[in-house]
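# Structural characterization, general
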Amino acid sequence: MKDHISVCIPTYRRNQMLERLLRKLALQETNSLFDFSVVVVDNDAAGPARETVTRLQGELCLNITYGIEPEQTIPAARNHALRLGHGNYIGIIDDDEFPPQHWLITMYKAIQTFDVDGGLGPVHPFFDEKPPDWLLKSGFCKRPVLRTGTLLHWSQTRTGNVLLKKEVFDKHNLCFDLKFKTGGSDQAFFRQAMNAGCRFIAVEEAPVYEIVPPERWTKSYYLKRALVNGFNAHRYSQNQTGRLTRTLTPIKSVGALMAYALAMPFLALIGPHMVLKYAEKGAHHLSRLAAMLGIELVKQRDF
């Protein structure tokens, strides 16, 4: 039987971006090696994406399954999409991204060639307009790109651009951990999968492009994101590290905050991008310290 890929898209109030993504998916090359369908899970009980999905389903002749997940958390939306996907391969892509025509077929062939359980491709930033210079210089939008075939460690994983065999979930009874409401469930999942013996590789030639809209051109956006990531980093490390590491972590965070504060006047001489870069690092450490006291500085991720 021909393989079938279910491309899963959790979405939250990004109808224009979702439309761009669905139009790009309709152009995917398969070379008759596999079939594919799309699963869209609306993470808003009001279902604002329904009209977009219904309209494009007829226009693009794209097989789309639509569902609503009322619990507004990332892992809940991902798990709902997995339940709706019926393919023996699962692709996951974010609603603010879009792929080139060869995305799926490149990922599919790499998994076959290297005989692994899944592949992860790079995510490159995409700007519809020219962004501020400080944003480009800061490097916030850049992510590492690894050579195709590189065997990944769980810390190098994410779900913004991934294709994997459905049996990874079914055989090992895995899903995305609902405790990680604002982030971190992807790495937690891949760590469990790797502990179960699954292998995942990088696929450099299968990128997707993440739209960076003007609302992400603010310094507050990256500081808020760092506060979220700092809390999740502490929460995840609690059960994964030894006693010595847990003791040294707060000392490291306090030291980093002091060093960044002292360095700020000198960083300001280099440029605003350096000030923000280290302010973002400081926000991460501050959030980790607050998390050790049971304080979550940003409780809902609405960005």
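Quantities reported herein were computed from a predicted structural model and do not represent experimental measurements.

Structurally, Thr 106 can be placed in helix α4 (residues 103–114). The class of Thr 106 is buried, set by a relative accessible area of 19%. Separated by 2.7 Å, the side chain of Thr 106 and the backbone oxygen of His 102 make a polar contact.

Glancing now at a nonpolar patch on the surface. On the surface, a cluster of nonpolar side chains totalling about 460 Å² of accessible area is made up of Leu 286, Met 292, Leu 293, Ile 295 and Leu 297. Summarising the element assignment, Met 292 is placed in helix α10 (residues 272–292). Under the relative-accessibility criterion, Met 292 is labelled partly exposed at 31%.

As paired strands, strand β2 (residues 34–42) and strand β3 (residues 64–68) are joined by five bridges and run parallel to one another. Looking across to β3, one finds that Asp 42 is bridged to Ile 68. With helix α2 (residues 50–60) bridging β2 and its parallel neighbour β3, the resulting β-α-β unit is right-handed.

Membership of the largest hydrophobic core comes to 33 residues, with the highest contact counts inside it found for Ile 5, Val 7, Ile 9, Leu 22, Val 40 and Trp 103. Breaking this core down by element, the ones donating at least two residues are β1 (3–11), α1 (15–25), β2, α2, β3, β4 (89–93) and α4. It is α4 that contributes the most residues to this core, seven residues altogether. Counting residues in hydrophobic clusters, the runner-up holds 24 residues, among them Val 39, Ala 81, Leu 82 and Ala 202.

It is worth spelling out the sheet that holds β4 at this point. One open sheet holds the seven strands; their spatial order is β3-β2-β1-β4-β8-β6-β9, and the pairing between them is mixed. At either end of the open sheet lies a strand with only one pairing partner, and these are β3 and β9 (200–202). Recorded for the sheet is a direction-independent mean angle of 20° between the axes of neighbouring strands. Here β4 runs beside strand β8 (residues 161–165); their pairing, made up of five bridges, is antiparallel. Considered in β8, the bridge of Ile 93 is made with Asn 161. α4 contacts β1, β2, β4, β6 (118–120), β8 and β9 of the sheet and is inclined by roughly 45° relative to β8. The strands touched by helix α7 (residues 185–195) within the sheet are β6, β8 and β9, with β9 carrying the most contacts at an inclination of about 120°.

Here is what the cut-offs are and how they apply
Residue numbers restart at each chain and count upward from 1, following the sequence in its written direction. Per-residue local features of the predicted model are confined to residues with pLDDT of at least 70, and side-chain atom pairs are confined, for both listing and counting, to 80 or more; whole-chain, interface and lining totals are unaffected and use all residues. The side-chain values count all of the structure's non-hydrogen atoms but skip hydrogen atoms and water molecules. Where helices and strands are cited, they refer to DSSP runs of H or I of at least four residues and of E of at least two residues respectively, numbered from the N terminus. Summary of the burial criterion: residues with accessible area below 20% of their type's maximum are buried, those above 50% are exposed, and those between are partly exposed, where the area comes from a 1.4 Å probe applied to protein chains only. N or O atoms within 3.5 Å of each other form a polar contact, as long as, within protein, one can give a hydrogen and the other can take it, and as long as residues adjacent in sequence are counted only when both atoms are side-chain atoms. In this analysis, a patch consists of residues with relative accessible area above 30% that form no salt bridge, clustered at 9 Å for like charges and at 5 Å for the nonpolar side chains Val, Leu, Ile, Met, Phe, Trp and Tyr. Computed with a 1.4 Å probe, the accessible areas rest on the Shrake-Rupley method; for each residue, only the protein chains presented here act as cover. The term salt bridge refers to a pairing of a side-chain nitrogen on Lys or Arg with a carboxyl oxygen on Asp or Glu at a separation within 4 Å. Strands are treated as partners if at least two bridges between them are detected by DSSP. Seen with its strands pointing away from the viewer, a crossover is right-handed when the path leading from the first strand over the helix to the second is clockwise. Definition of nonpolar core: a set of buried residues of the types Ala, Val, Leu, Ile, Met, Phe, Trp, Tyr and Cys, connected through side-chain atoms within 4.5 Å. Note on definitions: angles span 0 to 180 degrees between N-to-C directions of axes, and those axes are lines fitted to C-alpha atoms, for helices only across the stretch in contact. Residue contacts follow a heavy-atom distance rule, with two residues in contact if any of their heavy atoms lie within 4.5 Å.

That is the geometry; function is a separate question.
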